[in-house]
Amino acid sequence: MTEAEIVPGLEQARAFAAAKHGLFIGGQWVEPLAGERFATRDPATGAVLAKAARGLTEDVDAAVAAARKAMDNPAWTEMKPSVRALLLFRLADALEAHADEFAALECLDNGKPFRDARFFDVPYAVELLRYNAGWATKLNGESIALSGPGTWHAYTLKEPVGVVAQIVPWNAPLAMAVAKVAPALAAGCAVILKPAEETPMTALRLAHLIAEAGFPEGVFNLVTGFGEQAGAALTAHPGVDKVTFTGSTEVGRMIIKAATGNFKRVTLELGGKTPVIVMPDADVAKATEGAARSIFANAGQICNAGSRLFVHERHFEQVVEGVAKVAEATKIGPGFAADTQMGPVISAQQRDRIEGYIKGGVAAGATLRASGGDLPGEGYFVKPTVLTGTSADMAVRREEIFGPVLCAMSFGDADLEKIAADANATDYGLGAVIWTNDLSAAHRLAKKLKAGTVRVNGGGLDPALPFGGFKQSGWGRENGREGIDAYLETKSVAMALL
Ligand code: NAI
Ligand code: MG
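Rules used in this analysis
Residues numbered from 1 in each chain as written. Chains lettered and ligands numbered in written order. Predicted model: local features only at pLDDT ≥ 70, side-chain atom pairs only at ≥ 80, totals over all residues. Heavy atoms only, no water. Near = heavy atom within 4 Å. Polar contact = N/O pair within 3.5 Å; in protein donor to acceptor, adjacent residues only side chain to side chain. Areas by Shrake-Rupley, 256 points an atom, 1.4 Å probe, with all protein chains shown as cover. Salt bridge = Lys/Arg side-chain N within 4 Å of Asp/Glu carboxyl O. Helix = DSSP H or I, 4+ residues; strand = E, 2+ residues; numbered from the N terminus. Buried < 20%, exposed > 50% of the residue type's maximum accessible area, 1.4 Å probe, protein only. Axes fitted to C-alpha atoms, helices over the stretch in contact; angles between N-to-C directions. Parallel < 35°, antiparallel > 145°, perpendicular 65-115°, else oblique. Left-handed = near helix turned anticlockwise from the far one by under 90°. Contact = heavy atoms within 4.5 Å. Phe/Tyr/Trp six-rings, centres within 6.5 Å; stacked < 30°, edge-to-face > 60°. Lys NZ or Arg CZ within 6 Å of the ring centre and 35° of its normal. Domains from an automatic or database assignment. Buried area = accessible area lost by both parts, 1.4 Å probe. Pairing = 2+ DSSP bridges.

## Points about the site of ligand 1
Stage number 1. Inspection of the region around ligand 1 gives 26 residues, with W170, E197, S248, R353 and E400 positioned closest.
Stage number 2. In the environment of ligand 1, an oxygen atom lies 2.7 Å from a nitrogen or oxygen atom belonging to the side chain of S248.
Stage number 3. Q350 places a polar side-chain atom, nitrogen or oxygen, 3.0 Å from an oxygen atom of ligand 1.
Stage number 4. For ligand 1, whose free accessible area comes to 810 Å², the fraction covered by protein is 89%.

What follows is the structure, given as structure tokens:
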């Protein structure tokens with residue numbers, strides 16, 4: 001089998017990556033004003049994949065001006081909701097038609113297995129567009145019954161929040177970008193998207209499809225560049241009404257501060273340290289498989305990765321052994337090889353960071369139960385790792401690692417209060433997973449867990465299901481009705497009937 005047979009869109013993806021890339025501002029591809037570019041690397045080899053334009057403050061100014069103009073342009077502000085929906089449906093069809101190319105591009109830029117991109121990231125992005133397109137025609141206010149003296153007619157209107165800066169990370173670059181762009185456009189906002197400096201390729205390709213879909217100029221703008229430059233300029237800009245961000249807790253904090261100038265609305269989707277709880281009555285085989293998938297998928301680079309495993313002592317050895325076997329059998333390799341199950345992590349820096357956590361945990365007394373698979377040469381590869389004997393104060397157990405590193409713990413009795421307290425003993429609160437066949441235990445525990453999403457016996461991400469964090473995992477929700485509400489302001493209109 002040739003590489004091109006395994007990865008159908010590879011040739012187009014490579015050709016696209018090799019092209020000259022600008023910034024997309026006001027409906028035009030433009031040169032970055034300072035004329036600078038930066039290289040992005042293929043994480044499987046470390047070789048330069050492409051060069052993207054380095055957007056700086058003055059490019060951000062131009063993008064914000066274009067977006068503001070779009071919010072004054074009746075072609076956008078007066079566009080019928082059904083036409084906004086149609087444009088998004090059209091974009092979904094175009095993305096679907098180019099699924100192979102997008103998946104190959106994601107695989108080259110991010111490192112993830114082609115199959116994962118082709119059968120998860122790209123179809124999920126398509127579904128996000130279609131789901132949010134459906135909302136465009138359903139953004140109604142309500143009529144309100146007032147109790148004051150006189151006769152009144154009062155109602156609310158749902159209006160777009162305005163110009164939105166959208167800053168996304170590198171772990172699922174296309175899906176994350178679309179999760180932000182789709183509801184914002186459905187709501188009638190104008191957008192400036194800034195992809196992560198590690199992975200700008202699919203956002204660039206998406207901008208071409210958006211340009212072809214027929215959105216008025218300035219409704220969607222793309223500024224590639226670095227977080228501390230283009231990103232920081234966007235979050236501080238007085239012309240930006242809202243920032244939506246997915247990334248580190250540290251940058252989330254900086255964004256809150258930067259947003260104070262003009263009281264920007266802020267939605268933050270930050271880190272996690274998701275507990276996976278295996279109850280005594282769980283289906284052990286399914287729980288083991290689920291626990292392994294939850295931490296090893298995308299090489300653990302998922303905000304919601306199940307990085308803390310709590311297993312009832314009756315099954316502890318069996319589950320740990322099972323997950324360790326998966327780790328050791330995992331085929332690690334470049335994303336475009338047919339037999340690869342786990343690709344590289346995003347960068348040498350992330351690899352070193354992950355390895356630092358593992359070494360730190362072992363030095364502090366943790367036991368290495370599995371450190372699996374052979375590492376294939378160059379590239380930023382990390383072995384899937386299982387640790388037991390960690391204590392609550394160890395960094396490996398407390399902090400978000402964003403790598404394929406699992407800390408496994410056992411618990412003795414099935415006291416739900418105690419299980420929840422251990423699971424909740426983290427600054428984060430993004431997700432939690434429960435494996436049980438006891439309906440009462442499932443619902444009772446779901447209520448006690450401080451997490452934005454609780455999954456029982458599997459269950460995944462869906463455009464209709466609100467997603468976001470309690471505690472330091474963020475502010476607000478993406479997806480579902482709440483996800484689109486985050487791009488709307490409520491206006492109350494009260495009229496006295498004289
Ligand atoms: P990061 O938070 O620095 O980067 C995410 C995005 O924020 C990128 O687009 C970046 O350009 C931008 N950014 C960086 N600094 C900024 C600033 N001052 N102002 C505005 N935008 C800025 O994350 P990084 O450094 O790539 O990864 C570090 C750790 O963060 C990871 O190990 C992981 O623990 C966590 N992380 C969590 C993610 C999640 O999905 N919740 C995604 C990516 C990283
Ligand atoms: Mg950073």
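## Examining the pattern of salt bridges
Stage number 1. Throughout the structure, instances matching the rule amount to 22 salt bridges.
Stage number 2. Residues R130 and D93 are paired through a salt bridge, measuring 2.8 Å at the closest nitrogen-oxygen approach. Placement of the pair is R130 in helix α7 (residues 114–136) and D93 in helix α5 (residues 81–97), with a sequence separation of 37 residues.
Stage number 3. A relative accessible area of 43% places D93 in the partly exposed class.
Stage number 4. Notably, a salt bridge pairs E159 with K491, separated by 3.0 Å at the nearest N-O pair. Taken together, the residues span a long stretch of sequence, with E159 in strand β6 (residues 152–160) and K491 in strand β24 (residues 488–496) at a distance of 332 residues.
Stage number 5. Note on E159: relative accessible area 28%, which makes it partly exposed.
Stage number 6. A single network of salt bridges, built from pairs that share partners, joins K20, E31 and R37.

## Quick word on the packing of helix α2 (residues 10–18) against helix α6 (residues 99–110)
Stage number 1. Look at α2 against α6: their axes get within 8 Å of each other, and the N-to-C directions meet at 60 degrees. Relative to α6, the element α2 lies oblique. Considering only the axes of α2 and α6, their crossing is right-handed. Packed against α2, whose contacting residues are L10, Q12, A13, R14, F16 and A17, the element α6 presents E101, A104, L105 and L108 at the interface.

## Some words on the packing of aromatic side chains
Stage number 1. In this structure the tally under the stated criterion is seven aromatic pairs.
Stage number 2. Judged by centre distance (4.9 Å) and plane angle (65 degrees), the ring pair of F38 and F226 falls under edge-to-face. With a gap of 188 residues between them, F38 in strand β3 (residues 37–41) and F226 in the loop between β9 (220–222) and α10 (227–236) connect regions that are remote in the sequence. Accessibility classification places F38 together with F226 in one group, the buried group.
Stage number 3. Ring geometry for W76 against F215: centres 6.1 Å apart, planes inclined by 65 degrees, an arrangement best described as edge-to-face. On the criterion of sequence distance, the pair formed by W76 in helix α4 (residues 74–77) and F215 in the loop between α9 (201–213) and β9 is long-range, its members being 139 residues apart.
Stage number 4. Exposure remark for W76: the relative accessible area of 1% places this residue in the buried category.
Stage number 5. Judged by its relative accessible area of 11%, F215 is buried.
Stage number 6. An aromatic cluster is defined as three or more aromatic residues linked by ring pairs; in this entry it consists of F24, W29 and F220.
Stage number 7. Here the guanidinium or amino end of R14 rests over the ring plane of F336, the centre of that ring lying 5.8 Å away.

## Things to note about the domain arrangement of the protein
Stage number 1. Assigned domains of the protein: these are domain 1 (3–270 + 475–492) and domain 2 (275–462).
Stage number 2. Look at where the C-alpha atoms of domain 1 and domain 2 centre, and you get two points 30 Å apart.
Stage number 3. At the junction of the two partners, domain 1 supplies 30 residues and domain 2 supplies 28 residues.
Stage number 4. Here domain 1 packs against domain 2, burying approximately 2,200 Å² in sum over the two surfaces, 60% of which is carbon and sulfur.
Stage number 5. Here domain 1 and domain 2 share nine residue pairs in polar contact (both at pLDDT 80 or more) between them.

## Some details on the sheet that holds β6
Stage number 1. Pairing in this open sheet of three strands is antiparallel, and the strands run β5-β6-β24 from one edge to the other. Every interior strand has two partners, whereas the edge strands, β5 (143–144) and β24, have only one.
Stage number 2. Here β5 pairs with β6 via two bridges, running antiparallel. Pairing of S143 across the sheet is with Y155, part of β6.

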